[in-house]
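Commentary on secondary and tertiary structure
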Amino acid sequence: MPALEQGRLGVSVNPQLGESAMSWMLRAFQANGVGYEEGMRWMGLDRRQALGEADVAVLAWALHADADDVRGRMVLLEWRGGGRWVHLAGQRLSRWVAPTSMLAKVCPACLRERGFALVVWMTRAAPACCRHGYSLLQQCGACSRPIRWARPAVRICQCGRFFKTTEEGRPLEPELNFWLRWVDAVLRGDAPAAQDAMGALPPLLHDLTLDGAYRLVEAFGLLEAPGDPVRNVRHSSAGLVEVGGVLVRGLRRLIDLGQAETIAPDVFDTVHLPVLAELADEPAAELDGQRAAWLLDVHRANRSPGVRRVGARPRRQMPLFL
């Protein structure tokens, strides 16, 4: 690649619109007539592995961009967290919320109108597009294969066809619309817009991180009815409409919970307690864990009496006798 050895893949990007670093890089490759695999080899990167801090400098040099700008648009693995945590746009997120895989999702209408992919699409917190409803795709409508970052261009699948919606996007539920607006504003660093959108969300989500808010909503929305299995809806292959349904249920239940003077015991019949306990034990920030632990304490205090649990003890306390 003689032409690239003497130059860089410079392509302009608007910092206010929230374009992801992967989208930026794909546009730069296309502008220079370089394929994805060829470009990654040229930079010495392997996208099959989670990108780390050392890769930021390489991408920034190749894109002829500021390293901090590139860093904020990438999912970067937090090595000190044992591989569980990542950083994206100033947010500390679990890899469940912001995966490091090569899989991607796109809104064909946004790609056609804007020409780039958004940072917010890189998270599970966005199962839909706040502009076009349930229009995000995980699979190409032409070849039915999962959409990956390794493709010819931002708008084109590996099969060579442009991404197109298979059907008209369903309109968003009001709760999900406010949620998506908040998530997008948080990841773009737009504090006034995030505060405005948060005003319409449940009070129990206020002051939480994006990771904590998503996992709390998920805990309250996974179950349609008590005892329902969650394997299909809490799997990486879950459909985006189903994930949107989880968020809508969780947001509605949390709104009702926040408006109640007292919390009835049956509220927790449709809460997936393992996810709530996981949030309490391993939060992205201390307040996230405190709020989840408080809800678990309320559940225990309000639980109807039954068989005595031998050996049970208050949360986060050591037993007197071992």
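Look above for the structure.
Report follows, based on the coordinates.

**Concerning the overall build of the protein**
- Along its length, the protein carries 12 helices and 3 strands.
- Out of the 322 residues in the protein, the part that is buried amounts to 48%.
- Restricting to contacts in the protein with at least 6 residues of sequence separation, those with at least 24 account for 64%.
- By element, 50% of the accessible surface of the protein is carried by carbon and sulfur atoms, the whole surface being about 16300 Å².

**Considerations on the packing of helix α11 (residues 273-281) against helix α12 (residues 286-302)**
- At a minimum axis distance of 7 Å, the contact between α11 and α12 shows a crossing angle of 135°. The angle between α11 and α12 places the two elements in the oblique class. Judged by the twist between their axes, the crossing of α11 over α12 is left-handed. Counted together, Leu273, Leu276, Ala277, Leu279 and Ala280 of α11 and Asp288, Gly289, Ala292, Ala293, Leu295, Leu296 and His299 of α12 form the full contact between these two elements.
- Here the residues of the contact of α11 with α12 are counted per class, giving 9 nonpolar, 2 polar and 1 charged.

**A few points about the packing of aromatic side chains**
- Applying the stated criterion across every chain, the model contains 3 aromatic pairs.
- Ring centres 5.6 Å apart and planes at 40° place the aromatic pair Trp42 and Trp61 in the tilted group. In this pair, Trp42 sits in helix α3 (residues 36-43) while Trp61 sits in helix α4 (residues 53-63), placing the two residues 19 residues apart along the sequence.
- Residue Trp61 is classed as partly exposed on the basis of its relative accessible area, which comes to 42%.
- Seen in terms of ring centroids, Trp179 and Trp182 are 5.4 Å apart; in terms of plane orientation they differ by 50°. Their pairing is tilted.

**Structural notes on the packing of helix α2 (residues 21-31) against α3**
- Two elements in contact, α2 and α3, have axes separated by 10 Å at closest approach and are oriented at 105°. When the axis of α2 is compared with that of α3, the two are roughly perpendicular. Contacts between α2 and α3 involve Met22, Met25, Leu26 and Phe29 from the former and Tyr36, Gly39, Met40 and Met43 from the latter.
- Classifying every residue of the contact of α2 with α3 by side-chain character gives 7 nonpolar, 1 polar and no charged.

**Points about the pairing of strand β3 (residues 91-94)**
- As defined by bridge partners, strand β2 (residues 85-88) adjoins β3 across 4 bridges and the pair is classed as antiparallel. Across the sheet, residue Trp85 finds its bridge partner in β3, namely Ser94.
- In textbook terms, the turn of a hairpin is the stretch between consecutive antiparallel strands, and for β2 and β3 this stretch comprises 2 residues, one of which, Ala89, has a positive phi near 50°.

**Re the pattern of salt bridges**
- Across all of its chains, the model carries 16 salt bridges by this definition.
- The partner of Glu78 in a salt bridge is Arg92, and the shortest N-O contact between them spans 2.9 Å. Linking Glu78 in the loop between β1 (76-77) and β2 with Arg92 in strand β3, this pair joins segments that are 14 residues apart in sequence.
- Arg131 serves as the salt-bridge partner of Glu113, at 2.7 Å between the closest nitrogen and oxygen. Of this pair, Glu113 sits in helix α6 (residues 108-114) while Arg131 sits in the loop between α6 and α7 (174-188), placing them 18 residues apart in sequence.
- You can call Glu113 partly exposed: its relative accessible area is 45%.
- Among the charged side chains, a network of salt bridges with common partners joins Asp211, Arg215, Glu218, Arg234 and Glu278.

**Quick look at the state of the cysteines**
- With the rule as written, the count across this model stands at 0 disulfides.
- No disulfide involves Cys129; its sulfur sits 3.6 Å from that of Cys110, the nearest cysteine.
- On the accessibility criterion, Cys129 (4% relative accessible area) is buried.

**Describing helix α9 (residues 210-221)**
- The first and last C-alpha atoms of α9 sit 16 Å apart over 12 residues, in line with the 16 Å expected at 1.5 Å per residue.
- Counting buried positions along α9 gives 12 out of 12 residues, so the element sits mostly inside the fold.
- Regarding α9, the residues found buried are Leu210, Asp211, Gly212, Ala213, Tyr214, Arg215, Leu216, Val217, Glu218, Ala219, Phe220 and Gly221.

**A short note on the side chain of Asp288**
- Structurally, Asp288 is set in helix α12.
- Within the buried set, Asp288 has no salt-bridge partner at all; the shortest N-O distance to an opposite charge, 6.3 Å, is to Arg215.

**Quick word on the sheet that holds β2**
- With antiparallel pairing, 3 strands are arranged side by side in an open sheet as β1-β2-β3. Of all the strands in the sheet, the pair left with one neighbour each is β1 and β3.
- When β1 meets β2, the two strands line up antiparallel, connected through 2 bridges. Its bridge partner being in β2, Leu77 is matched across the sheet by Val86.
- This element, α9, spans β2 and β3 of the sheet and lies at about 35° to β3.

What counts as what
- The residue numbers shown here count from 1 along each chain, following its written sequence.
- The model is predicted, so local features are restricted to residues of pLDDT at least 70 and side-chain atom pairs to those at 80 or more, both for listing and for counting; the totals for chains, interfaces and linings are taken over all residues.
- Based on all heavy atoms of the structure, the side-chain values leave hydrogens and waters out of the count.
- Strands here are runs of E lasting at least two residues and helices are runs of H or I lasting at least four, both read from the DSSP assignment and numbered beginning at the N terminus.
- Per-residue accessibility, obtained with a 1.4 Å probe over protein chains only, is compared with the maximum for each type, and a residue is labelled buried under 20%, exposed over 50%, and partly exposed between these values.
- Contacts are assigned to residue pairs that have any heavy atoms within 4.5 Å of one another.
- Here the Shrake-Rupley method, with its probe set to 1.4 Å, supplies the accessible areas, and only the displayed protein chains count as covering residues.
- Axis angles are defined between N-to-C directions and span 0 to 180 degrees, where every axis is a line fitted to C-alpha atoms and, for a helix, only to the segment in contact.
- Should an angle lie under 35 degrees it is considered roughly parallel, over 145 roughly antiparallel, and from 65 to 115 roughly perpendicular; all remaining angles are considered oblique.
- Two helices crossing with the near one rotated counterclockwise from the far one by less than a right angle form a left-handed crossing, whereas a clockwise rotation gives a right-handed crossing.
- Three classes are used: nonpolar for Ala, Val, Leu, Ile, Met, Phe, Trp, Tyr, Cys and Pro, charged for Asp, Glu, Lys and Arg, and polar for all others, with Gly counted as polar.
- Stacked, edge-to-face and tilted labels apply to pairs of Phe, Tyr and Trp rings (six-membered ring for Trp) whose centres lie within 6.5 Å, assigned for plane angles under 30 degrees, over 60, and everything in between, in that order.
- Only strands joined by at least two bridges in the DSSP assignment are considered to pair.
- A carboxyl oxygen of Asp or Glu within 4 Å of a side-chain nitrogen of Lys or Arg is what we treat as a salt bridge.
- When two cysteine sulfur atoms are found within 2.5 Å, that pair is recorded as a disulfide.
- Helix span is expected to be 1.5 Å times the residue number reduced by one.
- In this count, Lys and Arg are taken as positive residues and Asp and Glu as negative ones, while His and the chain termini are left out.

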